[in-house]
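Structure assessment
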Amino acid sequence: MLLIGCFSHSIELEHALADIERSGIERKHILAVVMNLRSEPDPESRQSDAIELGAAWATACAVIGVAAGFGLAWGPIVWGLIGTAVGFGIGFCLHRLWLRGPIRFGARTNTPEVTVIVQCPASLSHDVRLAMYRRGALSVGESGA
């Protein structure tokens, strides 16, 4: 039977591995794999999000500009275009400030996760599962292989 546990990289993981070994599982039947964090976020994704937010603001401001333009000197078309440009600028800048702004409340640092795979007989699976949960496993799954 295979038991698979997902842990945050911490000292609790080391304790869990020690507990699993103490329950009678040999070290050669335990595999721990550190999952790599994405080192650099996808800049294209952020760019498209900024453009989408800019387009939404541009639409809203264009409608306001057209409506107000009926009473202003340059007319609704010119004020609609001005509203579009101003709205896109507002939306684009808001998105950029929101992503890269200096104020980030509650921002947590991402720690790598570690996946632990344990091959054990079915009779010990309950003990191994309890050891994983006691030591802070984020999740535990099993395969009957």
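From a predicted model like this one, the values you see are computed outputs, not experimental measurements.

**What about the overall build of the chain?**
What the chain contains, in helices and strands, is four helices and four strands. Counting from the amino terminus, helix and strand elements in the chain follow one another as β-α-β-α-α-β-α-β. Here the analysis covers contacts within the chain between residues at least 6 apart in sequence; of these, 81% occur between residues at least 24 apart. For the chain, the exposed area adds up to about 9800 Å²; of that, 62% sits on carbon and sulfur atoms.

**Considering helix α1 (residues 11–22)**
End to end, α1 covers 17 Å across twelve residues, agreeing with the expected 16 Å (1.5 Å per residue, within 8%). Against β1 (2–8), β2 (30–34), β3 (113–119) and α4 (122–134) lie the buried residues of α1. The first or second residue beyond α1 is Gly 24, which carries a positive phi of 115°.

**A look at the side chain of Ser 125**
Within the secondary structure layout, Ser 125 lies in helix α4. Residue Ser 125 is classed as buried on the basis of its relative accessible area, which comes to 11%. A polar atom in the side chain of Ser 125 sits 2.9 Å from the backbone oxygen of Ala 122. Excluding its chain neighbours within four sequence positions, the residues that come into contact with Ser 125 are Met 1, Leu 3 and Cys 120.

**Here we look at the packing of aromatic side chains**
In the structure shown here, the tally under the stated rule is two aromatic pairs. Seen in terms of ring centroids, Phe 88 and Phe 92 are 5.8 Å apart; in terms of plane orientation they differ by 20°. Their pairing is stacked. With Phe 88 and Phe 92 both in helix α3 (residues 76–100), this residue pair falls four residues apart, about one helical turn. By relative accessible area, which is 21% here, Phe 92 ends up partly exposed.

**Some thoughts on the sheet that holds β3**
Two pairing modes exist for strands in a sheet, parallel and antiparallel, and in both the strands are linked by backbone hydrogen bonds. Strand order in this open sheet of four strands is β2-β3-β1-β4, and the pairing throughout is antiparallel. With one partner strand each, in any of the chains shown, β2 and β4 (139–143) form the two edges of the open sheet. Here the average twist between neighbouring strands, direction ignored, is 20°. Here five bridges tie β2 to β3, and the two strands are oriented antiparallel to one another. Bridged to Leu 31 within β3 is Ile 117. Against the sheet, α1 touches β1, β2 and β3, its axis set at about 5° to β3. The sheet strands contacting α4 are β1, β3 and β4, and the helix crosses β1 at an angle near 5°.

**Focus: the confidence of the model for the chain**
With 83% of its residues at a pLDDT of at least 70, the chain reaches an overall mean of 83. Predicted confidence is poor over residues 102–107, with pLDDT under 50, and the contacts of this stretch with residues over four places away or in other chains come to two contacts.

**Some details on the environment of Ile 51**
Within the secondary structure, Ile 51 sits in helix α2 (residues 43–69). Along the sequence, Ile 51 and His 95 sit 44 residues apart, while their C-alpha atoms lie 8.8 Å from each other.

**Quick look at the packing of α1 against α4**
Orientation of α1 relative to α4, taken along the N-to-C sense of each, is 160°, at an axis distance of 9 Å. Judged by the angle between their axes, α1 and α4 are roughly antiparallel. Crossing hand, α1 versus α4: right-handed. Contacts from Ala 16, Asp 19 and Ile 20 in α1 reach Val 128, Ala 131 and Met 132 in α4. Tallied by class, residues from the contact of α1 with α4 come to five nonpolar, no polar and one charged.

Analysis parameters
Position numbers for residues count from 1 along each chain, tracking the sequence in the order it is written. Residues qualify for local features only when their pLDDT is at least 70, as the model is predicted, and side-chain atom pairs are given and counted only at 80 or more; totals for whole chains, interfaces and linings, by contrast, use all residues. Side-chain figures throughout are based on the complete set of non-hydrogen atoms in the structure, without hydrogens or water. Starting at the N terminus, helices and strands are each numbered in turn, a helix being any DSSP run of H or I of at least four residues and a strand any DSSP run of E of at least two. Note on definitions: a residue-residue contact is assigned when non-hydrogen atoms from the two residues lie within 4.5 Å. Only the protein chains shown count as cover for residues, and the accessible areas themselves come from Shrake-Rupley with a 1.4 Å probe. A helix's residues, less one, multiplied by 1.5 Å, set its expected span. Whether a residue is buried, partly exposed or exposed follows from its accessible area with a 1.4 Å probe, protein chains only, as a fraction of its type maximum: under 20%, in between, or over 50%, in that order. Pairs of N or O atoms within 3.5 Å make up the polar contacts considered here, provided that, within protein, one atom can donate a hydrogen while the other can accept it, and that residues adjacent in sequence are counted only when both atoms are side-chain atoms. Aromatic rings from Phe, Tyr and Trp, with only the six-membered ring used for Trp, were paired whenever their centres fell within 6.5 Å, and each pair was classed as stacked if the ring planes differed by under 30 degrees, edge-to-face if by over 60, and tilted otherwise. A pair of strands is treated as paired once DSSP finds two or more bridges between them. Angles run from 0 to 180 degrees between N-to-C directions of axes, and those axes are lines fitted to C-alpha atoms, restricted for helices to the stretch in contact. Each residue carries a pLDDT value, the predictor's own confidence for that position, ranging from 0 to 100. Just so you know how the angles are binned, under 35 degrees is roughly parallel, over 145 roughly antiparallel, 65 to 115 roughly perpendicular, and the rest oblique. Crossing handedness follows the turn of the near helix against the far one: under a right angle anticlockwise gives a left-handed crossing, and clockwise gives a right-handed one. Only Asp, Glu, Lys and Arg are considered charged, only Ala, Val, Leu, Ile, Met, Phe, Trp, Tyr, Cys and Pro nonpolar, and every remaining residue, Gly among them, polar.

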